[in-house]
Each structure stands twice: as C-alpha cells, then as structure tokens.
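# Secondary and tertiary structure notes
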Amino acid sequence: MNGQTYENHRHRPTMWLVTALLSVIGFCMALLPAVLRPAVVTIGPLLIALALILAVLMVRRYALALQNRIIRLEMQTRLMRLNRGADFDRLGMPQLVALRFASDAELPALIDKALAEKLNPDQIKRAVTNWQGDYMRT
C-alpha cells in the first residue's frame, strides 16, 4: 500500500456510494407508479424504497459516529501520553480528527498552533509535515 498523504487521504467508500445510488434509483422507480396510480399496491414499494434509503443513510451515520468515538479515545490517550491531556477539552472533535494524522513529535506544536490560530480541520491537515496514515477508516 502506498503511503497516505493529505492529497490521497480522503476515503470514499465505493460500496456505500453504490448502495446509496441504487436506493435512490429504486425510490425513483417506485415513485412514478405511486404518483400515476396512487393505491396501496403502488404506495407499498415506495415506502419500502424510502425505508431502504433511510437505512443506508443511518448505517453510514452510525459507522462514522463510532469511528469518531474511537478517534476521540485514541487522541485522548495520545495527548495524555504526551502530557497534553489538558488540551483535550480545548480542542473540538473536527480538530481532533484532523490532528490524528500528525506524528507524536509534531503534535504538541500543532496543537498550540491550532488553538492559538483557531485552525479548521483542513488547515490542520495541511500543516502536518510527517503524515501518519489512517488505513482503517471506513
């Protein structure tokens, strides 16, 4: 696997995108008969298609929420190990997510900069010089 960098770190889960697209197509296909001939027989598939879209979105949202909880715990542990535990509560979740890419050596200075200049996640990631890849994000 090639090294991860700022340029290639974004993860686009292909199977989720395909599933979401197919769900939307199925909803559109169920919508037409329900609009042209409203009846229980045509509304039922429309409701099932809508439920599928909501399920796909919910599954993705739950997965991302769980990953953020894990990242939060990882960063809390890292900051404690680097004697920067007091900074944990001063950093927002998006900042913590971005800071995880920094090496331990550059993390303290980057935390100081992020807090002093109120850097957004993209600015933090661009400031990382020794990128530590996250190869398990889904």
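Residues numbered from 1 in each chain as written. Predicted model: local features only at pLDDT ≥ 70, side-chain atom pairs only at ≥ 80, totals over all residues. Heavy atoms only, no water.

What follows deals with the overall build of the chain. For the chain, the count of helices and strands is 5 helices and 0 strands. The linear arrangement of helices and strands in the chain, starting from the amino end, is α-α-α-α-α. The globule rule puts the C-alpha radius of gyration for 138 residues at 14 Å, and the 21 Å found for the chain is more than 25% above it. When the backbone C-alpha atoms are referred to their principal axes, the chain occupies close to 65 × 35 × 25 Å. Classification of the 138 residues of the chain by burial places 31% in the buried group. Partitioning the contacts of the chain with sequence separation of at least 6, the portion at a separation of at least 24 is 65%. A total accessible area of about 9300 Å² is found for the chain, and carbon and sulfur atoms account for 65% of it. Side-chain charges of the chain comprise 17 positive and 10 negative groups, with the mean position of each set lying 10 Å from the other. (Helix = DSSP H or I, 4+ residues; strand = E, 2+ residues; numbered from the N terminus. Rg over C-alpha atoms; globule rule 2.2 N^0.38 Å. Buried < 20%, exposed > 50% of the residue type's maximum accessible area, 1.4 Å probe, protein only. Contact = heavy atoms within 4.5 Å. Areas by Shrake-Rupley, 256 points an atom, 1.4 Å probe, with all protein chains shown as cover. Lys, Arg positive; Asp, Glu negative; His and termini not counted. Charge placed at Lys NZ, Arg CZ, Asp CG, Glu CD.)

Before going further, it helps to examine the layout of surface pockets. The volume enclosed by the second largest pocket comes to roughly 320 Å³. Of the residues contributing to the lining of the second largest pocket, the split by class is 6 nonpolar, 3 polar and 5 charged. (1 Å grid on protein atoms, 1.4 Å probe; cavity = no way out; pocket = protein on both sides within 12 Å on 5 of 7 lines; lining within 4 Å. Points joined across faces, edges and corners; volume = space filled by probe spheres on them. Nonpolar A, V, L, I, M, F, W, Y, C, P; charged D, E, K, R; others polar.)

With that settled, consider the packing of aromatic side chains. Applying the stated criterion across every chain, the model contains 2 aromatic pairs. Aromatic side chains Tyr 6 and Trp 131 sit 6.4 Å apart centroid to centroid with 80° between the ring planes, which places their arrangement in the edge-to-face category. One end of the pair, Tyr 6, is in the segment before α1 (14–36); the other, Trp 131, is in the segment after α5 (121–127), with 125 residues separating them in the sequence. For the residue pair Tyr 6 and Trp 131, the accessibility class agrees, reading buried in each case. On the numbers, 4.4 Å between centres and 20° between planes, the contact of Phe 101 with Trp 131 is stacked. With a gap of 30 residues between them, Phe 101 in the loop between α3 (93–99) and α4 (107–117) and Trp 131 in the segment after α5 connect regions that are remote in the sequence. Accessibility assignment for this pair places Phe 101 and Trp 131 in one class, buried. Among the aromatic residues, those joined into a cluster by ring pairs are Tyr 6, Phe 101 and Trp 131. (Phe/Tyr/Trp six-rings, centres within 6.5 Å; stacked < 30°, edge-to-face > 60°.)

Leu 79, Leu 91, Leu 99, Leu 107, Ile 111 and Ile 124 are the most contacted members of the largest nonpolar core, which totals 21 residues. Of all the elements in the fold, those that place two or more residues in this core are α2 (40–81), α3 and α4. Each residue touching Leu 79, except ones within four places of it in the same chain, is listed here: Arg 84, Gly 85, Phe 88, Leu 91, Leu 96, Leu 107 and Ile 111. (Core = buried A, V, L, I, M, F, W, Y, C linked by side-chain atoms within 4.5 Å.)

When the terminal C-alpha atoms of α2 are compared, their 61 Å separation across 42 residues agrees well with the 62 Å that a helix rising 1.5 Å per residue should span. Among all positions of α2, only Thr 42, Leu 46, Ala 49, Ile 53, Val 56, Arg 60, Gln 67, Ile 71, Met 75, Arg 78 and Leu 79 are buried. Looking at the buried positions of α2, the neighbouring elements they touch are α1, α3 and α4. Residue Asn 83 follows α2 closely and has a positive phi angle near 60°. (Expected span 1.5 Å × (residues − 1).)

Right, let's talk about the pattern of salt bridges for a bit. Per the stated rule, a full pass over the model turns up 7 salt bridges. For Asp 112, the salt bridge identified is with Arg 84, shortest N-O distance 2.4 Å. Of this pair, Asp 112 sits in helix α4 while Arg 84 sits in the loop between α2 and α3, and the two are 28 residues apart along the sequence. For Arg 84, a relative accessible area of 15% puts it in the buried group. Here Asp 87 makes a salt bridge to Arg 90, at a shortest N to O gap of 3.0 Å. Classification of Asp 87 as buried rests on a relative accessible area of 7%. One connected set of salt bridges, linked through shared partners, spans Arg 84, Asp 87, Arg 90 and Asp 112. (Salt bridge = Lys/Arg side-chain N within 4 Å of Asp/Glu carboxyl O.)

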